[in-house]
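# What the coordinates show
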Amino acid sequence: MKTLYDVQQLLKKFNIYVYVGKRIWDIEVMALELDHLHEARLITQDEFIQAKLVLTQQHRIEEQKNNGRDL
């Protein structure tokens, strides 16, 4: 799992579709959904870790973009 699209496809397997309107918010909601899937033991530890790493990286990128707009 290397991209945000890969994480979306994982969530899609569980009929979870996330669209809030802002990419950073979508990433945050996806992270919450992943936590719930992991707690319910519906995804493997490896899938969970990889997906969280992707989301963390993408969240950081979005924060940097947003901080650039504030300047």
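Read on for an overview of the structure.

Thresholds, definitions, all that
Residue numbers here run from 1 along each chain, matching the order of that chain's written sequence. For a predicted model such as this one, the threshold for reporting local features is a pLDDT of at least 70, and the threshold for listing and counting side-chain atom pairs is 80 or more; totals across whole chains, interfaces and linings nevertheless cover every residue. Side-chain measures here rest on the full set of heavy atoms in the structure, leaving out hydrogens and waters. The axes used here are C-alpha line fits, helices contributing only the stretch in contact, and every angle between their N-to-C directions lies in the interval 0 to 180 degrees. In this text, helices come from DSSP runs of H or I with a minimum length of four residues, and strands from runs of E with a minimum of two, each type numbered from the N-terminal end. The scheme is simple: roughly parallel for angles under 35 degrees, roughly antiparallel for over 145, roughly perpendicular for 65 to 115, oblique for anything else. Should the near helix be turned anticlockwise from the far one by less than a right angle, the crossing is termed left-handed; should it be turned clockwise, right-handed. Should any heavy atoms of two residues lie within 4.5 Å, those residues are counted as being in contact. Polar here means any residue other than Ala, Val, Leu, Ile, Met, Phe, Trp, Tyr, Cys and Pro, which are nonpolar, and Asp, Glu, Lys and Arg, which are charged; Gly is therefore polar. By definition here, a salt bridge exists when the distance from a side-chain nitrogen of Lys or Arg to a carboxyl oxygen of Asp or Glu is within 4 Å. Throughout this description, buried means an accessible area under 20% of the type-specific maximum (1.4 Å probe, protein chains only), exposed means over 50%, and partly exposed covers the range between.

Glancing now at the packing of helix 1 (residues 4-12) against helix 2 (residues 23-39). It is at 11 Å that the axes of helix 1 and helix 2 come closest, and there the two elements cross at 45 degrees. By the angle class used here, helix 1 and helix 2 are oblique. The crossing of helix 1 and helix 2 is left-handed. Facing helix 1, whose interface residues are Leu4, Val7, Gln8, Leu10 and Leu11, helix 2 presents Arg23, Ile27, Met30, Glu33, Leu34 and Leu37. Looking at side-chain class alone, the contact of helix 1 with helix 2 contains eight nonpolar, one polar and two charged residues.

Taken as a whole and judged by the stated rule, the model has three salt bridges. With its nearest N and O atoms 3.1 Å apart, the salt bridge here joins glutamate 62 to arginine 23. Pair noted here: glutamate 62 is in helix 3 (residues 45-70) and arginine 23 is in helix 2, with a separation of 39 residues, a long-range link. Salt-bridge contacts for lysine 65 lead to glutamate 62; the nearest nitrogen and oxygen are separated by 3.3 Å. A residue pair is termed a helical-turn pair when its members lie 3 or 4 positions apart in one helix, as lysine 65 and glutamate 62 do in helix 3 at three residues. Accessibility expressed as a relative area gives 46% for lysine 65, which makes it partly exposed. Residue glutamate 62 is classed as buried on the basis of its relative accessible area of 8%. Where salt bridges share partners, they join Arg23, Glu62 and Lys65 into one cluster.

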